[in-house]
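Here is what each chain is made of, one letter per residue.
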Amino acid sequence: MDQFWWVVLPYLSLVVMVVGLLYRYRYAQKGWGSKSSEILERRWLKWGSVLFHYGILCVIAGHVMGLVVPISVYHALGVSDEFYHTNADLFGGLAGLMATAGLLILLLRRVFNRRVRHNSQPSDYVALAMLLVVVGLGVLVTVGYNNVFGPYEYRTTVGPWFRGLLLLHPNSAQMASVPILLKIHIISSFVLFATWPFTRLVHVFSAPVRYPFRAPLQYRARNGFRRAGQ
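Bear in mind that the values here come from a model prediction, so they are computed numbers and not experimental data.

So, how was this worked out
- Residues numbered from 1 in each chain as written.
- Predicted model: local features only at pLDDT ≥ 70, side-chain atom pairs only at ≥ 80, totals over all residues.
- Heavy atoms only, no water.
- Helix = DSSP H or I, 4+ residues; strand = E, 2+ residues; numbered from the N terminus.
- Buried < 20%, exposed > 50% of the residue type's maximum accessible area, 1.4 Å probe, protein only.
- Contact = heavy atoms within 4.5 Å.
- Axes fitted to C-alpha atoms, helices over the stretch in contact; angles between N-to-C directions.
- Parallel < 35°, antiparallel > 145°, perpendicular 65-115°, else oblique.
- Left-handed = near helix turned anticlockwise from the far one by under 90°.
- Nonpolar A, V, L, I, M, F, W, Y, C, P; charged D, E, K, R; others polar.
- Core = buried A, V, L, I, M, F, W, Y, C linked by side-chain atoms within 4.5 Å.
- Polar contact = N/O pair within 3.5 Å; in protein donor to acceptor, adjacent residues only side chain to side chain.
- Phe/Tyr/Trp six-rings, centres within 6.5 Å; stacked < 30°, edge-to-face > 60°.
- Lys NZ or Arg CZ within 6 Å of the ring centre and 35° of its normal.

J.: Any chance you could break down the side chain of S123 for me, citing the residues and the numbers?
T.: Topologically, S123 is positioned in helix α6 (residues 122-148). Here S123 falls in the buried class, since its relative accessible area comes to 19%. Filtering out sequence-adjacent residues up to four positions away, S123 remains in contact with F198 and T199.

Here it is in structure tokens:
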């Protein structure tokens, strides 16, 4: 089962994600986007979207620093383990709480606002629910587990395993001592990746590269222009 959870499942999820994105881009481009519902409701969306997007960007940056950068690099730079975990607990926990609060606002908005609810699809709820599970578990690990049982040094286990995945040499044995709560967080993340192409999350891979070079749009009044005072 260790081989399945830490070798088969990650690669299977990523394959489903890549193939699904390519298929959707090729055959269902009209549905590619975030499908903004701002015109239906703005107040909740403003707070939820800002909290979630700023929070998740910081969370992603923290994951890159913890999983991609080896612990030896921090030691070479003179960054102690205590300093690293204190800042990860403080800033990572704050970013996770921001993202979680934003997701809760967006989910409640979609459930209780009649106009938004009537214009929602099942995939919208799946995306928000999966994100809430993944981010919420991450907050439980950072804010809960690390402060109750002490900071877990994932840079010596999860970090090498993750880099092994990227280099196509994963070692499932490195995940044996990882706390169960962190394992569930990682597994749910790969389940999220597998569902990614079938939800509004595809807009993450949209970049307005051609926007500065496109022809300008011109708008004209139907009944002609009127000067001020006329």
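J.: Describe the packing of α6 against helix α8 (residues 180-195), listing the residues and the values that go with them.
T.: It is at 9 Å that the axes of α6 and α8 come closest, and there the two elements cross at 155°. For the element pair α6 / α8, the angle class is roughly antiparallel. With respect to the hand of their crossing, α6 and α8 are arranged in left-handed fashion. Touching M130, L131, V133, V134, L137, G138, L140 and V141 of α6 are L181, L182, I184, H185, S188, S189, V191, L192 and T195, all from α8. A per-class count over the contact of α6 with α8 returns 12 nonpolar, five polar and no charged.

J.: Lay out the nonpolar core in plain terms, naming residues and giving numbers.
T.: F52, L103, L131, V135, L192 and L201 are the most contacted members of the largest nonpolar core, which has 22 residues in total. Counting residues per element, the ones that place at least two in this core are α1 (2-27), α2 (43-68), α4 (81-112) and α6. Looking at which element gives the most residues to this core, the answer is α6, with seven residues. Not counting chain neighbours up to four residues away, the residues in contact with F52 comprise M98, A99, G102, L103, L106 and L131. If you look at the next biggest cluster of nonpolar residues, it comprises 14 residues, including W6, V141, Y152 and W161.

J.: Now, about the side chain of T199: what can you tell me, with residues and values included?
T.: Secondary-structure assignment places T199 in the segment after α8. Within polar-contact distance, the side chain of T199 engages the backbone oxygen of W196 at 3.2 Å. In this structure T199 touches R24, S123 and A127, once residues within four positions along its chain are discounted.

J.: So what's going on with the packing of aromatic side chains? Residues and values would help.
T.: Applying the stated criterion across every chain yields a total of nine aromatic pairs. Considering the side-chain rings of Y23 and Y27, the 4.9 Å spacing of their centres and the 40° angle between planes classify their relative orientation as tilted. One end of the pair, Y23, and the other, Y27, are both in helix α1, four residues apart, so they sit about a helical turn from each other. There is no split in this pair, since Y23 and Y27 are both exposed. Residues F190 and F193 carry aromatic rings whose centres are separated by 5.6 Å and whose planes lie at 85° to one another, so their mutual orientation is edge-to-face. Of this pair, F190 and F193 both sit in helix α8, separated by three residues, roughly a single helical turn. Assessed through its relative accessible area of 6%, F190 is described here as buried. Using a relative accessible area of 25% as the deciding quantity, one classes F193 as partly exposed. Counting every residue linked through ring pairs, the aromatic cluster contains W6, W161, F190, F193, W196 and F205. Note that R155 overlies the ring of Y74, its terminal NZ or CZ placed 5.3 Å from the centroid. One cation-aromatic arrangement involves R155 over Y84; the distance from NZ or CZ to the ring centre is 3.8 Å.

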